[in-house]
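# What the coordinates show
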Amino acid sequence: MIAARLPPNPRLKIKVLLVAQRFALILRSLLFCWCLGLLLAPAAHAAELAAGVSQFSAALEKASPAAQVPLQALQQLDPALLKPESMYPQFQAYSVADLSALYQFDNRCVSGHSLPESVLPFVQALCQAGRPPASWFNTHPVYPLGGSSAWHYILRHPDAAAALQNALHVRERPGSLGGVGTLSDDNLEALVGGQRWLLQNGELWHLSRQQWQRYEQPVWQPLAKQAGLELVSAGGRCDVRLGALCANANDGYRDVWRWLFVLLAIFAAAGLTWTALAAPPVTRAAAFYYPNVDPRTAHADRPA
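To keep things clear, this report deals only with the structure shown in the data block. Bear in mind that the values here come from a model prediction, so they are computed numbers and not experimental data. (Residues numbered from 1 in each chain as written. Predicted model: local features only at pLDDT ≥ 70, side-chain atom pairs only at ≥ 80, totals over all residues. Heavy atoms only, no water.)

With that settled, the discussion passes to helix 9 (residues 217-226). Within helix 9, burial applies to Trp220, Leu223 and Ala224. Projected down its long axis, helix 9 shows its buried positions confined to an angular sector of 100°, all on one face. Away from the buried face of helix 9 by more than 90 degrees, exposed residues Pro218, Lys225 and Gln226 are located. (Buried < 20%, exposed > 50% of the residue type's maximum accessible area, 1.4 Å probe, protein only. Helix = DSSP H or I, 4+ residues; strand = E, 2+ residues; numbered from the N terminus. Arc of directions from axis to C-beta.)

What follows is the structure, given as structure tokens:
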């Protein structure tokens with residue numbers, strides 16, 4: 001009997017070490033499972049966030065917006081009347097000398113002064129007795145010094161304000177079109193660029209069903225929390241990009257993933273420790289006492 005020929009103490013030691021080796025194998029299996037979970041975790045996390053975004057969007061559609069404007073109403077505007085740069089002097093289209101000459105006579109209709117050919121049509125149109133036709137404002141939506149040509153005409157002829165509302169830049173009529181004119185330069189550019197989500201001063205803008213809708217913070221924020229989301233402007237941490245916004249998992253979700261990584265580190269350390277300490281002694285002890293005996297079967301009482 002192999003077991004009978006083994007000295008008592010070494011035999012017991014090998015049994016203990018074999019148990020430790022099995023335990024190390026279990027830990028390595030657990031470590032493998034955790035590593036597999038770590039590989040699958042990003043996909044699962046992304047799926048949870050996508051479900052949260054869908055839940056939030058569905059809840060938002062049932063809420064009442066503070067204001068809204070049809071997308072078609074914005075699409076009917078000349079693109080220049082939506083762009084923020086249209087409110088500033090048009091240095092890319094006119095020379096500094098021409099703009100300076102126009103500035104000297106701006107808001108004044110005087111005769112006998114020569115103006116550069118590039119800006120003369122604006123002064124002639126805005127200072128003539130009759131209102132220029134709508135086609136002229138469509139052809140010249142932006143005034144060289146910034147702002148719409150309609151706005152500069154209204155400064156000289158206030159009675160034309162109602163008739164020229166549709167020729168004004170959105171910034172020149174902040175109370176209409178759902179308040180689009182109150183958006184910052186970045187948000188206005190994002191809107192023109194086709195983004196569907198905007199956030200400004202706590203107000204959430206969302207393009208849904210061909211409508212731009214604006215929601216107050218007390219309306220949209222509880223819905224986002226219920227969906228496990230935190231909406232912030234892009235620029236920092238960003239779990240899911242929503243146009244000009246980022247939808248991040250709230251603190252509760254972050255804590256769950258943080259603890260998963262901690263447990264993974266603990267199991268990894270335990271598995272590596274047992275692998276390093278348990279396996280080599282078994283091999284050395286068995287080889288010392290019985291070079292021709294498999295240490296994995298040395299504890300069994302069976303014939304040689």
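This part is about the nonpolar core. Counting 23 residues, the largest nonpolar core has Leu115, Phe137 and Leu164 as its most contacted members. Those elements giving two or more residues to this core turn out to be helix 4 (96-104), helix 5 (120-127), helix 6 (134-139) and helix 7 (149-156). Per-element tally for this core: the top contributor is helix 5, with five residues. Those residues in contact with Phe137 that sit more than four places away from it in its chain are Arg131, Pro132, Ser149, Ala150, Tyr153, Leu164 and Ala167. (Core = buried A, V, L, I, M, F, W, Y, C linked by side-chain atoms within 4.5 Å. Contact = heavy atoms within 4.5 Å.)

The topology assignment puts Arg173 in the loop between helix 7 and helix 8 (185-192). Although Arg173 is buried, it forms no salt bridge, and the closest oppositely charged side chain is Glu172 at an N-O distance of 6.7 Å. Contact partners of Arg173, with chain neighbours within four places excluded, come to Leu77, Gln165, Asn166 and Leu168. (Lys, Arg positive; Asp, Glu negative; His and termini not counted. Salt bridge = Lys/Arg side-chain N within 4 Å of Asp/Glu carboxyl O.)

So, about the pairing of strand 2 (residues 197-200). Here strand 2 shows a buried face lined by Trp197 and Leu199 and a second buried face lined by Leu198 and Gln200. Relative to strand 3 (residues 203-208), strand 2 runs antiparallel, the two sharing four bridges. Counted as the bridge partner of Trp197 is His206 from strand 3. Hairpin connection of strand 2 to strand 3: two residues between the antiparallel strands, including Asn201 at a positive phi of 50°. (Pairing = 2+ DSSP bridges.)

Looking now at the sheet that holds strand 5 (residues 229-233). Across the sheet, three strands lie side by side as 5-7-6; this open sheet has antiparallel pairing. Looking at the sheet topology across the chains shown, the edges are occupied by strand 5 and strand 6 (240-242). This sheet shows a mean twist of 30° between the axes of neighbouring strands, independent of strand direction. Bridge count for strand 5 against strand 7 (residues 245-249) is five bridges, and the pairing is antiparallel. Paired with Leu229 across the bridge in strand 7 is Ala249. (Axes fitted to C-alpha atoms, helices over the stretch in contact; angles between N-to-C directions.)

Evaluated as defined, the whole model comprises one disulfide. With its sulfur 2.1 Å from that of its partner, Cys238 forms a disulfide with Cys246. The sign of the -100° torsion about the S-S bond sets the Cys238-Cys246 disulfide as left-handed. Here Cys238 falls in the partly exposed class, since its relative accessible area comes to 34%. (Disulfide = S-S within 2.5 Å.)

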